[in-house]
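What the coordinates show
Each chain, written out:
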Amino acid sequence: NGLAKVFMLELDDLPRQSFKVLMQRFQKINRVWDGLDLRCFDMQQTDIRRRNFELIVQHARLTSKVTRAQGESEWWVARAAELSQQLEELYISRVKNPNAPPGGGNVNEGISIEYNGPGLIPHSFSTSDSERMFLMHLLASTGGQGSANYHADPAATLSQEEVLSTVALEWYLQWHRGQRVQNLLARLKWLSRVPDITVAFQRFQTCIMEELDCERAAIWVLDHVRGGMWTRAKARARLDEQGEVLRMPLPAQDSDRTGLGFVRCAFLDKSFIEVVDAQKDPRLNPESEEAHRTWSVLVAPIMGGMTVGPGGRVVRDDKEVHLVLQATNKKSAGRFDSADHFILFCIGMAFAEVMAACEKMSSAKMMADRKDSLLRSAERVLTSCRRPIDILNLMTDAMHTLFPNTTEVVLHLVGPDQTHLMSSDGFSKRVELKPSHGFRGLVGRVAQSRIAVSISNPHKSTPHDIHNTVEKASYDPKVDLVVHKKHLKRDYALHTYPVIAEGGAVAVCQFLCQVEGGARFGDDGSFNMFNKEHLELMNQLLNYFQPFLMRFYPKICGARTQARWKAVLAGTRLGLLKLVQQTES
């Protein structure tokens, strides 16, 4: 204040007046600032924030309760509609089945089984009488509290003793099923720990015979690609024996069921089949070896199984039947009961998962072994390939190691106007080149298109081609590989693969692979054109041999490459010339 007074004495009147007003305002602000309690202000602000957070939490809690209340209201609306329908059936439209037997039945007789759809778990009651089935539906829908409503109904025909016997029989059925399911669950650890699909067949067939108390069991695997089904007959000597592989073709959808067999009928109808006396059933296949020793049969189709698709991927198909399980000759009773239906279905679903896991594990292990073999083959090629005969020997050994089902391997060199087959008599160390006089057969087609081709059964007149039937027309037995006369009854796949260098094909590798007859459908040791990992292995292997082909046969392979580049350059010059002419015009 003292400095301000001294400063005001030095100023004129007008500046002195303005400075005085500013000082008064500053003193007023200073007094207001001294009167504020900042600590109280901070506490009030913290309290406001806390209350705001509590309101946010309460809002979230109320929102959750509203959402839950909405869900409960929807459930109660659906429940009310269900109860309304049951009341309508109870008091308005309850009609007895005139074809139903008059009695109640027992566990093994008069069973009425219902299914929610093809291939789904069966739900059953221990009676086929319409009145007793209505009682069980009422008790199941009301949580066991509907017996009083049933007795209050004047239209009820069952006495208290009959109601009690029906409920007791149903309780025994459910208890019996629960005990069997418990036994099956105890076996799952033993069933799931299998090294391969062969052991899985033996264990699951043994499980079916013990759980269903039957004499024989079979598990049929559907192979929709090859149009058949196969199974492994249970070995009678020891459990670890593989057993015999049995096959039969898939029937047409419009096939006559007479004499077709219960397994194929279940595949076509996509439903359970239960037969008490098989000798009187027209669907029994009389050509079966054990047809004369068959009386009671239970067949269960399994849909929506896991399979290994192209590239080793596990896929699920819910529209097709993948497995058909068959239990034959019930020992303890004259027929299979509803619990047997349920247990057989559960065993089938478990086997579908185990089978897919076994196939995927086997494919992964085989692919890992192939990669190790490829590295060893690369080392041998780089260190041992000194002559043209070494190319043929090393190529054959590598193909047999990577794909064990390979039976024969040949190489064709690609020249400017024809292909040349590399051949050796096996005694001399020289390689002879046999010209094909043009680009003929599958070899010539692949040499020109640089696209791999696969066909199946080139030695048969009506083969089932892997790719399509267009490549079949290009097959020429004078140029392409031919199946030996001793193996004409077997199935083979002929693969033709190009060796690419500098954008063109310098050679073509052609090899035959024997196709197994459907005893497995994962990686069976053969080359698969639709498997990306197989294609990568082939490309890498052929790239190891490509420099040696160019080195040993520069006039043929090099001439092909030079001719291609000359054509490219000629086309480029022609295009530039046309462009210049168009520009000048």
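Residues numbered from 1 in each chain as written. Predicted model: local features only at pLDDT ≥ 70, side-chain atom pairs only at ≥ 80, totals over all residues. Heavy atoms only, no water.

**Some remarks on the overall build of the protein chain**
Put simply, the test is: Labels follow the DSSP assignment, with helices taken as runs of H or I lasting at least four residues and strands as runs of E lasting at least two, numbered in each case from the N terminus. Using a 1.4 Å probe on the protein chains alone, a residue whose accessible area is under 20% of its type maximum counts as buried, one over 50% counts as exposed, and one in between counts as partly exposed.
Helices and strands together make up the secondary structure of the protein chain, namely 13 helices and 16 strands. A total of 585 residues make up the protein chain; the buried ones form 41% of that total.

**What about the packing of helix H7 (residues 197–212) against helix H9 (residues 338–384)?**
Here is the rule we go by: Note on geometry: axes are C-alpha line fits, over the in-contact stretch for helices, and angles between N-to-C directions span 0 to 180 degrees. Here roughly perpendicular refers to angles of 65 to 115 degrees, roughly parallel to angles under 35, roughly antiparallel to angles over 145, and oblique to all remaining angles. Between two residues, a contact is recorded if the distance between any of their heavy atoms is within 4.5 Å. Amino acids outside the nonpolar list (Ala, Val, Leu, Ile, Met, Phe, Trp, Tyr, Cys, Pro) and the charged list (Asp, Glu, Lys, Arg) are all regarded as polar, and Gly is one of them.
Between H7 and H9, whose axes approach to 11 Å, the crossing angle comes to 170 degrees. Here H9 runs roughly antiparallel to H7, going by the angle between their axes. Two secondary-structure elements touch here, H7 through Ile197, Ala200, Phe201, Phe204, Cys207, Ile208, Glu211 and Leu212 and H9 through Asp340, Ile343, Leu344, Ile347, Ala350, Phe351, Val354, Met355, Cys358 and Glu359. A class-by-class count of the residues in the contact of H7 with H9 yields 15 nonpolar, no polar and three charged.

**Considering the packing of H9 against helix H12 (residues 532–552)**
Where H9 meets H12, the axes come as close as 10 Å, and the angle between the chain directions of the two elements is 5 degrees. By the criterion of interaxial angle, the relationship of H9 to H12 is roughly parallel. Where H9 approaches H12, its residues Met367, Arg370, Lys371, Leu374, Ala378, Val381 and Leu382 are matched on the opposing element by Glu533, His534, Leu537, Gln540, Leu541, Tyr544, Phe545 and Phe548.

**With respect to the sheet that holds strand S13 (residues 432–435)**
Rules: Strands qualify as paired when DSSP identifies two bridges or more between them.
Spatially, the six strands line up as an open sheet ordered S13-S12-S11-S16-S15-S14, and their pairing is antiparallel. This sheet does not close on itself; its edge strands, each paired only once, are S13 and strand S14 (453–456). Averaged over all adjacent pairs, the angle separating strand axes in this sheet is 25 degrees, with direction ignored. Strand direction decides the pairing type here: strand S11 (residues 406–414) and strand S16 (residues 504–514), joined by seven bridges, are antiparallel. Of the residues in S16, the one forming a bridge with Leu413 is Ala507. Across the sheet, helix H10 (residues 388–402) is in contact with S11, strand S12 (419–423) and S16; its angle to S11 comes to roughly 140 degrees.

**Description of the sheet that holds strand S7 (residues 297–303)**
Spatial ordering of the open sheet is given by S5-S4-S3-S10-S7-S6, a layout of six strands whose pairing is antiparallel. The open sheet is flanked by strand S5 (245–249) and strand S6 (273–275), the only strands paired with a single partner. Geometrically, the sheet is characterised by an average inter-axis angle of 20 degrees between neighbouring strands, direction not taken into account. Direction of pairing for strand S3 (residues 214–223) relative to strand S4 (residues 228–232): antiparallel, over a ladder of three bridges. Following the sheet pairing, Asp223 is matched in S4 by Gly228. Most of the contacts of H7 go to S3, to which it runs at about 140 degrees, and overall it touches S3, S4, S7 and strand S10 (321–330).

**Quick word on unusual backbone geometry**
With a phi angle near 55 degrees, Lys270 is a residue other than glycine that sits in the positive phi range. Its place among the elements puts Lys270 in the loop between helix H8 (262–269) and S6. With phi around 55 degrees, His437 is a residue other than glycine that occupies positive phi space. On the secondary structure map, His437 appears in the loop between S13 and helix H11 (441–449). Look at His437 and you get exposed, because its relative accessible area is 64%.

**Description of the confidence of the model for the protein chain**
Short version of the rule: The predictor rates its confidence in each residue with pLDDT, a number between 0 and 100.
In the predicted model, the protein chain carries a mean pLDDT of 75, and 71% of its residues have values of at least 70. Below a pLDDT of 50 lies the segment residues 235–241, which in the model reaches nine contacts outside its immediate sequence neighbourhood of four places, other chains included. A low-confidence stretch, residues 462–467 (pLDDT under 50), is modelled with 15 contacts involving residues beyond four sequence positions or located in other chains.

**Some points on the packing of aromatic side chains**
Aromatic ring pairs are defined here through the distance separating the ring centres and the angle between the ring planes. Inclusion rule: Each pair of aromatic rings taken from Phe, Tyr and Trp, with Trp reduced to its six-membered ring, is defined by centres within 6.5 Å and is described as stacked if the planes are under 30 degrees apart, edge-to-face if over 60, and tilted in the remaining cases.
Evaluation of the coordinates by the stated rule reveals nine aromatic pairs. Summarising the aromatic geometry, the rings of Phe201 and Trp230 are spaced 5.4 Å apart at their centres and angled 40 degrees between planes, so their arrangement reads as tilted. On the criterion of sequence distance, the pair formed by Phe201 in helix H7 and Trp230 in strand S4 is long-range, its members being 29 residues apart. Trp230 carries the same exposure label as Phe201, and that label is buried. Summarising the aromatic geometry, the rings of Phe403 and Phe527 are spaced 5.4 Å apart at their centres and angled 85 degrees between planes, so their arrangement reads as edge-to-face. Taken as a pair, Phe403 in the loop between H10 and S11 and Phe527 in the loop between S16 and H12 lie far apart in primary sequence, 124 residues in all. For the pair shown, Phe403 and Phe527 are each scored as buried. Three or more aromatic residues link up through ring pairs in this structure, and these residues are Phe201, Phe204, Trp230 and Phe351.

**So, the nonpolar core**
Generally speaking, nonpolar side chains in soluble globular proteins are found buried as a group. The condition is simple: Definition used in this section: a nonpolar core is a set of buried Ala, Val, Leu, Ile, Met, Phe, Trp, Tyr and Cys residues joined via side-chain atoms within 4.5 Å.
Grouped together as the largest cluster of nonpolar side chains are 42 residues, with contacts concentrated most on Met395 and Leu541. Sorting the residues of this core by element identifies H9, H10, S11, strand S15 (492–501), S16, H12 and helix H13 (554–584) as the ones contributing at least two each. For this core, the element with the highest residue contribution is H12, accounting for nine residues. Not counting the four nearest positions on each side in its chain, Met395 is found in contact with Val409, Leu411, Cys509, Leu541, Leu542 and Phe545. Formed by 35 residues, the second largest nonpolar core is a distinct cluster that contains Leu184, Ile219, Val221 and Ala327.

**Comments concerning H10**
Applicable threshold: Here a helix's expected span is defined as the number of its residues, less one, multiplied by 1.5 Å.
For H10, which comprises 15 residues, the first-to-last C-alpha distance of 22 Å matches the rise-based estimate of 21 Å (1.5 Å per residue) to within 8%. Among the residues making up H10, those that are buried are Ile389, Asp390, Ile391, Leu392, Leu394, Met395, Ala398, Met399 and Leu402.

**Observations concerning helix H6 (residues 160–192)**
This is how it is decided: The quantity called bend is, for any residue, the angle between two axes fitted respectively to the seven residues ending at it and the seven beginning at it.
If you check H6, its first and last C-alpha atoms are 47 Å apart, about what 33 residues at 1.5 Å a residue would give, namely 48 Å. The sharpest bend along H6 measures roughly 30 degrees and falls at Ala186. Inspection of H6 places Val163, Thr166, Glu170, Leu173, Arg177, Arg180, Leu184, Arg187 and Leu191 among the buried residues, and these make up the whole buried set.

**What to know about the pattern of salt bridges**
Keep this limit in mind: Only one rule defines a salt bridge in this text: a Lys or Arg side-chain nitrogen within 4 Å of an Asp or Glu carboxyl oxygen.
Enumeration according to the criterion identifies twelve salt bridges in this entry. Where Asp340 meets Lys330, a salt bridge forms, and the shortest distance between an N and an O atom there is 2.9 Å. One end of the pair, Asp340, is in helix H9; the other, Lys330, is in strand S10, with ten residues separating them in the sequence. A relative accessible area of 0% places Asp340 in the buried class. A salt bridge links Arg380 to Asp397, with the shortest nitrogen-to-oxygen separation between them at 3.7 Å.

**Overview of the side chain of Asp340**
Quick note on the threshold: Nitrogen and oxygen atoms within 3.5 Å of one another constitute a polar contact, given that in protein one can donate a hydrogen and the other can accept it, and given that sequence-neighbouring residues count only through two side-chain atoms.
At a separation of 2.6 Å, a polar atom in the side chain of Asp340 contacts the side chain of Arg180. If sequence neighbours within four positions are ignored, Asp340 has contacts with Arg180, Leu212, Leu298 and Lys330.

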